[in-house]
Structure formats: structure tokens, C-alpha cells
Amino acid sequence: MKLRIVAYLQIALMLLMCVPAMALANTPNTTLSLSKTTASVNESVTASGTTEPNAWVPLKVVDAAKNILYFDTAKSDATGNYSIDFIVPADGAGTLTVVVGEGSNVDTQILTVTGTPPADTEAPVWTNGSLTASDVGRTTLTLSWSGASDNVGVTAYKIYQDGTLLNATLVAGTSYNITGLTAATSYTFKVEAGDAAGNCSTDGPQVTTKTEISTSGGGGGGGGGGSSSQAVTSTTGVATVEPGAGGTISLGSEATIGVPANALTGTSAMEVKVQKLTTPPVVPAGYKLAGSVYEFSVGGKNSYSFAKEVTIKLSFDPGTLSPGETPAIHYFDEARSQWVNIGGVVSGNTITVQVDHFTKFAVLVAGEQKEQTTLKDIAGHWAANNINQLVAGGVISGYPDGSFKPNNTITRAEFATVLVKAFQLTVRDGKIFADTAGHWARDYIAAAADSGVVNGYDVNTFGPDDLITREQMAVMIVKAAKLAPGAGETQFTDSGSISDWAKEAVITATENRIMKGYPDNTIQPRGSATRAEAVTVVVNSLSK
């Protein structure tokens, strides 16, 4: 009996010794405290605590709908202490959750936001806005438009006919059928965008078109109306042109297309369009842009050959010219991926040339890029040559004060933009995240997402203003360069800190010598990348 009691006591003692150890093993070692638990919008809050020594600590501020409003990272010191300052987001309201750490090793705190978010007073704007008239009949036609954006979101559109509002109920889509028109009559239509707060744009596009005169059946034949059609005129950059009539289509005073009668092939009316490119092909070294780059298209095709020459007139900025420099129109040869000089006649701040095909056109000037010689803070920097190369190519730029700030961090939006320009990704309607709809880099991010180069945190969140981490940069650059997956293993001392989703990309980037580790044999996967590092991985990848 005594031996049994002793055995029970020994077992009980062992259990008591194990419980704290098991509890400790399952207890996260990352802690979080906030300098304040109640704050107002735009107020600064400090998140601090402890974690493993010399470890990267991610911080997220999440709203009740689990949208990430803020993201940042910091590295703990040798004793495991960390501190991160953040500004309460302008779109934060009510109760927010501050999260540090990752996986099961996290800690959270609640932050109550007082006051209400700023009222929405910004009206929608039109970025490269276009309005087209199609299916034009004797009494009907269809309007279609694109290009409106808002800091919160466009909710509906107003349609005007010769200055009179047509729709008492605002249009939610991007097309509208017009009826009750008079045959052989010219009409001017305009569209404006509105948001949920009642703000309405004032700079919407417009188009002028003329209804058909023919009284013959409109079932489908192309005969009839051609001889009675009149040349169309549009200042919105797009118009439907009858081959037998031609027309003049301009994008304000920036770019004009003169299409003579019978220059279009075939007998069907075609959409002729000119649009300014936000991500143009890289300008060759030794040249500079004297204006914008424009893409001309017919029937939605950006390569088109005419039956006779058409006239293109582009404006340029005389202030970009140095003494002795002469501007010239160039077109971009897609097959050879290079700009071709076709000259032109200069008159004031415009230059005119005749062409027989459509593609991308721009006014270029031979001369050194000014920015390359005015970057005052890269002399002697390890990435100076890489920086000069991308700046000269128009892929990235410096700051207005003539600096580049190579050691500054770079955001996810900025790096996505650099990739789109460097790899000449086509900008078209792509993925718009909830937090990029009104962002300056919306089109670049959409192009990168559409090309499979970038992903969001989830289907609605991209985090455009989050600082990009080195492992995120590795994933993006490997996808942009279309590199085959690496087969080795990383040998960095902090390889265990690489997120599972980024391991293959980090291996691939380092095996291809696109990315390198630091002198202490770390890769610092969750550290924020610098502008110099971002430029260097792009230059390295372009040579692969």
C-alpha cells in the first residue's frame, strides 16, 4: 500500500511539473500594448511589445469587416523589444483591431476610433474618359463610356443631350440607349459621373454624331446611307467613322487624327480612337519625351493599315527643348520593340505627319535625360549605375529637389508601377481592388494583376501604400521575369523566416542572382525593401 501511495505521489508530481511546460509551449511569445486605446482619425498611436530577438514583427490594423487598413513591419532589438508608430487611417471608424505577429504567435489589442470619418466632398473625375455612339440609326443610337473614377466609388451617371439632362433616374451601368431622335440630325451627348454622397463630375466626355438619313430598311446591309453620310468631328478622342465620309477625331488640343474619305477599308462604320497611355514603352537612352505617348486604334485594334494616308498632329512642350534640339514624331514598332523616327512638320507647339498605319506615337527629342544628371544623392552609392539606367529609361524617377533617396523604402503600388513600365505590360481593364479604385496607381496595379504579376492580400485588398517586403518583391519579380522555379534550397541563417508562399520565389530569385543576401548571411525576407534594392532587382531581372 505504501509503495502504491508513493507511486501515485510521483505521478502527480510529474503532472504538476509538465502542466506549466505545456502551457508555456502553447503560449505565444509576442506581446502587444498600445500607447492609447482610444484615438481619433489621423492621430498617431504607438504599438510596442516584445517578441523573439532580432525578429521582424508585422503589424496590421483591421476593421470590423476584416479589411486591412494599415500594414507595417519593424525589427525587434537584441532583447526582443519592438516599437511601431502608425496613424489612425482616415477610413477607420468604430472599433479597430491591431494585430502583431503571424500564425499562432500573435497578440491583439482593440483600438476605439472616436469621431466620424471626413465627409466625402470629392466629385468623380474622368481619367482618359471616352464616350462613343454606336448602332446609330434614324431615331436611335447607343452611348457607351469609360474612364470615370472616384475616391470612394462611382455609383451612377447622368446623360445630357444638347445640354439637357435625359435620365431622371441615373444610370448604374456604362451604356445607355437613346430613342426618339430625328433622322439626319446632329446631336451632342455628354456623360457625367456621380457618387453616393451626391458629388457629380463636371469634366465628362462628349461626342457629336448625326443620325441616319436613309429611309430604307435598316436590317443589316451596308448599302444606302454611305453617300449621304457626313464627316464626323469629335473632341473626346473617339468617334464612329463612315468609310465614305471620314472625319476628324481629337483628344482636346493634344492629339488629332484626320481621316479622309475612303481611307478606312471596307464599307462598315468603324470606331476610330486616340488615347493617352499611362504606361508607355520605355524611351531609348539618349532621347526624351516632349509630350505624352498616344495609342491610335481602329475598331479596337491598335495596329491598322489604311487605304490612303491619314494625318496625325501631336502637341509637345517647347519647354523640354534645349537650344539646337528638334522634335520629331516617332512610332513604336511592336515587332522590333523600338521607336522609329518619322519626322514631321513643326508649327508652334504642334508637329504634323502623314502615316498609313496606326500604332503608338509620340514626340521625342534626341538629348540626354535631364533627371539622370541632376540626381544629387547617388554619387558613390552601390546602386548608382542601376538607378541611372532605369531613370534614363523612364521606368522610375527622382524627386523634385533633384534627389533619388536610394535608401528610402518603396510601397507595393510604387514597385508594381516600376514593373509595369520596365516589362512594358499592357494597361487594360484589369483587377481593381476595393482599396485601389481611387488610387493614383490604380491602372498600373490593374495591369500588373491582370498579367499575373501581383496579387492582393485577398480579393478586395491590395494594400497599395503598404511598404513592400523583400519576400513580396521576390514573388513579383520572379513572376514578371517569367523565371522557371528554382530547385535548390536557401542557405541563409534566417531562411526559416521566409513565408511558405514566398520560399520558391526567394530560391528562384537568389539562384538567378536577381536578389542577394546581406553580409551577415541573412535575406531578411520580411524587411522593407529600399528604392535602391527595388531598382537593382529589376535591372538584374531584365538581363535574364
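Residue numbers here run from 1 along each chain, matching the order of that chain's written sequence. Totals for whole chains, interfaces and linings use all residues, but because this is a predicted model, local features are given only for residues with pLDDT of at least 70 and pairs of side-chain atoms are given and counted only at 80 or more. Each side-chain value is worked out from all heavy atoms of the structure, with water and hydrogens disregarded.

A word on the overall build of the chain
Helical segments are the DSSP runs of H or I of at least four residues, strand segments are the runs of E of at least two, and each set is numbered from the N terminus. Helix and strand content of the chain: eight helices and 27 strands. Between buried and exposed lies partly exposed: a residue is buried under 20% and exposed over 50% of the maximum accessible area for its type, with that area taken using a 1.4 Å probe on protein chains only. A buried classification covers 44% of the 544 residues belonging to the chain. A sequence separation of at least 24 residues applies to 65% of the contacts in the chain between residues at least 6 apart. On the chain, roughly 26,300 Å² of surface is accessible, and the fraction owed to carbon and sulfur atoms is 52%. Any two residues whose heavy atoms approach within 4.5 Å are treated as being in contact. For every accessible area listed, the method is Shrake-Rupley and the probe measures 1.4 Å; residues are considered covered only by the protein chains on display.

Digging into the packing of helix H6 (residues 470-481) against helix H8 (residues 531-542)
Here an angle of 0 to 180 degrees is reported between the N-to-C directions of two axes, which are lines fitted to C-alpha atoms, with helices fitted over the stretch in contact. Between H6 and H8, whose axes approach to 10 Å, the crossing angle comes to 25°. Taken together, the axis directions place H6 and H8 in an arrangement best described as roughly parallel. H8 is crossed by H6, and the crossing has right-handed handedness. On H8, the residues that touch Arg470, Met473, Ile477 and Ala481 of H6 are Glu533, Ala534, Val537, Val538 and Ser541. Note on residue categories: nonpolar means Ala, Val, Leu, Ile, Met, Phe, Trp, Tyr, Cys or Pro, charged means Asp, Glu, Lys or Arg, and polar means any other residue, Gly included. Counted by class, the contact of H6 with H8 contains six nonpolar, one polar and two charged residues. An angle below 35 degrees is treated as roughly parallel, one above 145 as roughly antiparallel, one from 65 to 115 as roughly perpendicular, and anything else as oblique. A crossing counts as left-handed when the near helix is turned anticlockwise from the far one by less than a right angle, and as right-handed when that turn is clockwise.

Details of the packing of aromatic side chains
Note on aromatic pairs: each is described by the distance of the centres and the angle between the planes. Two aromatic rings, drawn from Phe, Tyr or Trp (for Trp, its six-membered ring), form a pair once their centres lie within 6.5 Å of each other, and the interplanar angle then sorts them: stacked below 30 degrees, edge-to-face above 60, tilted otherwise. Within this structure, the stated rule accounts for 10 aromatic pairs. Arranged with centres 4.9 Å apart and planes meeting at 75°, the rings of Tyr304 and Phe306 form a pair that is edge-to-face. Taken together, the ring pairs in this structure connect Phe296, Tyr304, Phe306, Tyr331, Phe358 and Phe361 into an aromatic cluster. Look at NZ for Lys and CZ for Arg. If either is within 6 Å of the ring centre and within 35 degrees of the ring normal, a charge sits over the ring. Here the basic side chain of Arg412 rests over the ring of Phe462, its NZ or CZ set 4.3 Å away from the ring centre. Across the ring face of Phe404, the terminal group of Arg531 is positioned such that the distance to the ring centre comes to 4.1 Å.

Structural notes on H6
One turn of an α-helix holds 3.6 residues; hence residues three or four places apart share an orientation. The span one expects for a helix is its residue count, reduced by one, times 1.5 Å. For H6, which comprises 12 residues, the first-to-last C-alpha distance of 16 Å matches the rise-based estimate of 16 Å (1.5 Å per residue) to within 8%. Listed in full, the buried residues belonging to H6 are Arg470, Glu471, Gln472, Met473, Ala474, Val475, Met476, Ile477, Val478, Ala480 and Ala481. Those residues of H6 that are buried are in contact with helix H4 (412-422), helix H7 (503-511) and H8. One or two steps after H6, the chain reaches Lys482, where phi turns positive at roughly 55°.

Observations concerning the pairing of strand E22 (residues 304-315)
Strands qualify as paired when DSSP identifies two bridges or more between them. Across four bridges, strand E19 (residues 255-259) lies against E22 in antiparallel orientation. Across the sheet, residue Thr256 finds its bridge partner in E22, namely Lys313. Relative to strand E26 (residues 350-358), E22 runs antiparallel, the two being bridged by eight bridges. If you follow Ser315 over to E26, its bridge partner there is Thr350.

Details of the sheet that holds strand E8 (residues 105-114)
The strands that make up a sheet are held in pairs by hydrogen bonds between backbone atoms, and each pair lies either parallel or antiparallel. Pairing in this open sheet of five strands is mixed, and the strands run E2-E8-E7-E4-E5 from one edge to the other. Each edge of the open sheet carries a strand with a single partner, namely strand E2 (38-40) and strand E5 (68-75). Strand-to-strand twist across the sheet, computed as the mean angle between neighbouring axes with direction ignored, equals 30°. When E2 meets E8, the two strands line up parallel, connected through three bridges. Bridging from a neighbouring strand, Ser40 pairs with Thr114 of E8.

Looking at the environment of Val154
As for its placement among the helices and strands, Val154 is situated in strand E11 (residues 154-161). Given a relative accessible area of 26%, Val154 falls into the partly exposed group. Taking the C-alpha atoms as reference, Val154 lies 6.5 Å from Ala193; in sequence the two are 39 residues apart. In contact with Val154, not counting residues within four places along its chain, are Pro124, Ala148, Ser149, Ala193 and Gly194.

Focus on the pattern of salt bridges
Only one rule defines a salt bridge in this text: a Lys or Arg side-chain nitrogen within 4 Å of an Asp or Glu carboxyl oxygen. With the rule as written, the count across this model stands at seven salt bridges. With its nearest N and O atoms 3.2 Å apart, the salt bridge here joins Asp443 to Arg442. With relative accessibility at 22%, the residue Asp443 sits in the partly exposed group.

Things to note about the side chain of Thr142
Considering the arrangement of structural elements, one finds Thr142 in strand E10 (residues 141-149). Ignoring sequence-local partners within four residues, the contact set of Thr142 consists of Thr132, Ala133, Ser134, Asp135, Tyr176 and Asn177.

Re the pairing of E10
Burial within E10 is extensive, with seven of its nine residues counted as buried. Relative to E10, strand E9 (residues 125-134) is paired through seven bridges, and the arrangement is antiparallel. Note on E10: the bridge partner recorded for Thr132 is Ser144. The hairpin turn running from E9 into E10, its antiparallel successor, is six residues long, and Asp135 in that turn takes a positive phi close to 50°. Relative to strand E13 (residues 175-178), E10 is paired through four bridges, and the arrangement is antiparallel. Along E13, the bridge assignment pairs Ser144 with Ser175.

Observations concerning the sheet that holds strand E1 (residues 33-34)
Overall, antiparallel pairing links the three strands, which are arranged E1-E3-E6 in an open sheet. Whereas interior strands pair on both sides, the edge strands pair on one side only; in this sheet they are E1 and strand E6 (81-87).

Some remarks on the nonpolar core
For this analysis, a nonpolar core means a set of buried residues of the types Ala, Val, Leu, Ile, Met, Phe, Trp, Tyr and Cys, connected via side-chain atoms within 4.5 Å. Grouped together as the largest cluster of nonpolar side chains are 55 residues, with contacts concentrated most on Phe415 and Val538. Contributing elements (two or more residues each) for this core: helix H3 (384-392), H4, helix H5 (442-450), H6, H7 and H8. When residues of this core are assigned to their parent elements, the largest contribution, eight residues, is made by H6. Apart from the residues within four sequence positions on either side, Val538 is in contact with Leu390, Phe415, Val418, Leu419, Ala422 and Ile477. Core analysis: the next-biggest nonpolar cluster, separate from the first, contains 32 residues, Ala239, Tyr304, Phe306 and Phe358 among them.

By themselves, these are just geometric observations and shouldn't be taken as functional.
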